[in-house]
Amino acid sequence: MAGFEADNNIPRVTRPPFFASGTVNNGANATITFANVTEQLIIDCTSDSGSGNVLLIGVTTAGVGGTSRVALTAGGRIGPIDAQCKQIVLAGGGGNMGYQITAVLSRIPSDQYPDITTANGFEGV
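As a starting point, this report considers the structure included with it. (Residues numbered from 1 in each chain as written. Predicted model: local features only at pLDDT ≥ 70, side-chain atom pairs only at ≥ 80, totals over all residues. Heavy atoms only, no water.)

### Notes on the layout of surface pockets
Spelled out, the test is: Two kinds of site are reported from a 1 Å grid over the protein atoms alone, namely cavities, where a 1.4 Å probe fits but cannot get out, and pockets, open sets with protein on both sides within 12 Å along at least five of seven lines, and residues are called lining when an atom falls within 4 Å of a point. Grid points are joined across faces, edges and corners, and a volume is the space filled by probe spheres set on the points. Every helix listed is a DSSP run of H or I at least four residues long, and every strand listed is a run of E at least two residues long, numbered separately from the N terminus. Amino acid classes used here: Ala, Val, Leu, Ile, Met, Phe, Trp, Tyr, Cys and Pro are nonpolar; Asp, Glu, Lys and Arg are charged; the rest, including Gly, are polar.
Of the pockets and cavities examined, the largest pocket occupies roughly 210 Å³. When contributions to the lining of the largest pocket are tallied by element, the ones reaching two or more residues are strand 3 (36-48), strand 4 (54-58) and strand 6 (77-81). A breakdown of the residues in the lining of the largest pocket according to their chemical character gives eleven nonpolar, two polar and no charged.

As structure tokens, this is what we get:
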């Protein structure tokens, strides 16, 4: 079988994948922090501990606790979203909610990217 080592002796990874899954409890927040800034996100709500509960999704704790958020029921999906962020904040609304995050990361380290907050001039977060 032919190898490609000679042609690709130093491969350059420019869009590494990121995967996370878990459960966020009712009334609690879970912050998923990325080491590098995202380029694209998909968020799935994988489970629900009861009927009528929602997974709340935003980029700040204040946004998830207020109105700058989206809500998914079990089986729902948001994305793909082409957006740059360094964290996602999730909350269980009414029950314990399962989630799964798939992201494409850039090579920009998160600590070199501004916080996406209202105080820094961003609306709807």
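On we go from here.
### A few points about the pattern of salt bridges
As a reminder, the rule being used: In what follows, salt bridge is the name for a side-chain nitrogen of Lys or Arg lying within 4 Å of a carboxyl oxygen of Asp or Glu. For the exposure calls, accessible area comes from a 1.4 Å probe over protein chains only, and a residue counts as buried if that area is under 20% of its type's maximum, exposed if over 50%, partly exposed in between.
Following the criterion strictly, the structure yields three salt bridges and no others. Across the pair Glu39 and Arg15 runs a salt bridge, and its minimum N-O distance is 3.3 Å. With Glu39 in strand 3 and Arg15 in the segment before strand 1 (17-24), this residue pair connects regions lying 24 residues apart in the sequence. Residue Glu39 is classed as partly exposed on the basis of its relative accessible area of 26%. Judged by relative accessible area, Arg15 falls into the partly exposed class, the value being 48%. Ionic pairing is found between Arg77 and Asp44, a salt bridge with its closest N-O pair at 2.7 Å. Taken together, the positions of Arg77 in strand 6 and Asp44 in strand 3 put the pair 33 residues apart, joining distant regions of the chain.

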